[in-house]
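Remarks on the overall topology
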Amino acid sequence: MDNIRPPKPPGHWDQRFLVLASHIAGWSKDPSTKVGAVAVRDRRILGTGYNGLPSGVHDSDARLKDRETRLALTTHAEQNCVAYAARNGVCLTGSTMYIFPLMTCSVCAALLIQAGINKVVVPDFVEPLRWQEDFAWAKTMFIEAGISVDRIPLKGPINPMIDEDEDSEEFFNDQLMENPLPVTNN
């Protein structure tokens, strides 16, 4: 019984939900890039999503390994999150979308704006060069629509069972090893 400790007060909620998005990203079968999204309002989860082929569409290895086919068929994490919420009658107006590990693309940005999302939170990582222009368009649209984009570092204690003086950065490094940023040249 010595190993049972009472929970600590909640840490930074944005970090908690980004870690959850990173966990959900791990459900993606995409061999190149695994992305997760969580929609939240008042610290309550409204919907989740990860990138992958639409429900009912066969996600064979051949389709997933062929980049052009995969890109043509894949539904982004943010799109899946919005679709899941809509299918279940959940309104996302006024909510926050947490996305891991990348900034949202311009197409998803437009969808989030139309869904009424008022804040987007992404980890503070260096964005892959090949997507920077598209991410810049997404940021421009968010600014014009009055949606805040927060880039936060993933460090500090978020697990209530970890003491404040323990280093939880190792936890985030483990998360990145499980869901690394894409490094392909495609």
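Report follows, based on the coordinates. Everything quoted here is computed from the prediction, not taken from an experiment. (Residues numbered from 1 in each chain as written. Predicted model: local features only at pLDDT ≥ 70, side-chain atom pairs only at ≥ 80, totals over all residues. Heavy atoms only, no water.)

**Observations regarding the pairing of strand S3 (residues 96–100)**
Defined as follows: Exposure categories follow from relative accessible area, calculated using a 1.4 Å probe and restricted to protein chains: below 20% of the type maximum is buried, above 50% is exposed, and the middle band is partly exposed. Only runs of H or I of at least four residues qualify as helices and only runs of E of at least two qualify as strands under DSSP, and these elements are numbered from the N terminus. Any two strands with at least two DSSP bridges between them are considered paired. Crossover handedness is defined by viewing with both strands directed away from the observer: a clockwise path from the first strand over the helix to the second marks the crossover as right-handed.
Of all five residues in S3, five are buried, a share of seventy percent or more. Burial along S3 is two-sided: Thr96, Tyr98 and Phe100 and Met97 and Ile99, pointing in opposite directions, are all buried. Of the strand pairs in this sheet, strand S1 (residues 36–41) and S3 are connected by five bridges, and their pairing is antiparallel. Within the sheet, the bridge partner assigned to Val38 lies in S3 and is Tyr98. With three bridges connecting them, S3 and strand S4 (residues 119–123) associate as parallel partners. Its bridge partner lying in S4, Met97 is registered against Val120. Crossover handedness for the path S3 to helix H5 (residues 106–115) to S4: right-handed.

**Section: the packing of aromatic side chains**
Here the distance between the centres and the angle between the planes together describe a pair of aromatic rings. Inclusion rule: For Phe, Tyr and Trp, where Trp contributes only its six-membered ring, two rings pair if their centres lie within 6.5 Å, and the inter-plane angle classes them as stacked under 30 degrees, edge-to-face over 60, or tilted in between.
In this structure the tally under the stated criterion is five aromatic pairs. Measuring from centroid to centroid gives 5.2 Å for Phe17 and Tyr98, while their planes differ by 40 degrees, and the two rings are tilted. Taken as a pair, Phe17 in helix H1 (residues 13–25) and Tyr98 in strand S3 lie far apart in primary sequence, 81 residues in all. Accessibility expressed as a relative area gives 6% for Phe17, which makes it buried. Centroid distance Phe100 to Phe125: 6.2 Å. Interplanar angle 80 degrees. Geometry classified as edge-to-face. Pair noted here: Phe100 is in strand S3 and Phe125 is in the loop between S4 and helix H6 (132–145), with a separation of 25 residues, a long-range link. Taken together, the ring pairs connect Trp13, Phe17 and Tyr98 into an aromatic cluster.

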